[in-house]
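Commentary on secondary and tertiary structure
Residue-level listing of the chains:
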Amino acid sequence: MTDDDNIDRDPAAVAILELIAAALGGVRPEEVAHAMAERYRKPKDGPNLWRKYMHAVRQEALHLARDGDIAILRKGKAVDPNKPVKGLYRLARPDPASD
């Protein structure tokens, strides 16, 4: 992924794509929110700053999955991003075999 790819992307989408590119088995949305919190942390911010970013991470994950840029995995299997995603899930690279 180049910097040109990230020019018009939301910071949450950029964080998701960067972490997925570096991870072997995908990442949890909480890990992305933690990474964003560390990136934008100010000296007075508390330890739960990452929670502020969870909604944005979830929304961008759905958007990226609907566009086919990532896959949302539950119990190791891709789920339909057009249906409600509940419970624990991971964000991963899309499976090329599912195209």
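In the block above lies the structure referred to throughout.
What counts, and where the lines are drawn
Residues numbered from 1 in each chain as written. Predicted model: local features only at pLDDT ≥ 70, side-chain atom pairs only at ≥ 80, totals over all residues. Heavy atoms only, no water. Core = buried A, V, L, I, M, F, W, Y, C linked by side-chain atoms within 4.5 Å. Buried < 20%, exposed > 50% of the residue type's maximum accessible area, 1.4 Å probe, protein only. Helix = DSSP H or I, 4+ residues; strand = E, 2+ residues; numbered from the N terminus. Pairing = 2+ DSSP bridges. Axes fitted to C-alpha atoms, helices over the stretch in contact; angles between N-to-C directions. Left-handed = near helix turned anticlockwise from the far one by under 90°. Contact = heavy atoms within 4.5 Å. Nonpolar A, V, L, I, M, F, W, Y, C, P; charged D, E, K, R; others polar.

Judged by nonpolar contacts, the single largest core of 25 residues is most densely connected at I16, V32, I70 and L91. Tallying contributions element by element places helix α3 (residues 51-66) first for this core, with 7 residues.

Right, let's talk about unusual backbone geometry for a bit. If you check the backbone angles, K75 has positive phi at about 55° while not being a glycine. In this structure, K75 sits in the loop between β1 (71-74) and β2 (77-78).

This paragraph deals with the pairing of β1. The sheet contact formed by β1 and strand β3 (residues 90-92) spans 3 bridges and is antiparallel. Within β3, the position partnered with L73 by the bridge is R90. Of the pairings in the sheet, the one linking β1 to β2 comprises 2 bridges and is antiparallel in character. The residue of β2 that forms the bridge with L73 is A78. Hairpin geometry of β1 and β2 is characterised by an intervening segment of 2 residues between the two adjacent antiparallel strands and by a positive phi of about 55° at K75.

Contact geometry for helix α1 (residues 11-22) and helix α2 (residues 29-40): axes closest at 10 Å, N-to-C directions at 115°. The handedness of the crossing between α1 and α2 comes out as right-handed. Along the contact surface, α1 presents P11, A12, A15, I16, E18 and L19, while α2 presents E31, V32, A35, M36, R39 and Y40. Of the residues in the contact of α1 with α2, the class split is 9 nonpolar, no polar and 3 charged.

Here we come to the environment of P47. Structurally, P47 is set in the loop between α2 and α3. Linking P47 and H34, residues 13 residues apart in sequence, is a C-alpha distance of 9.9 Å.

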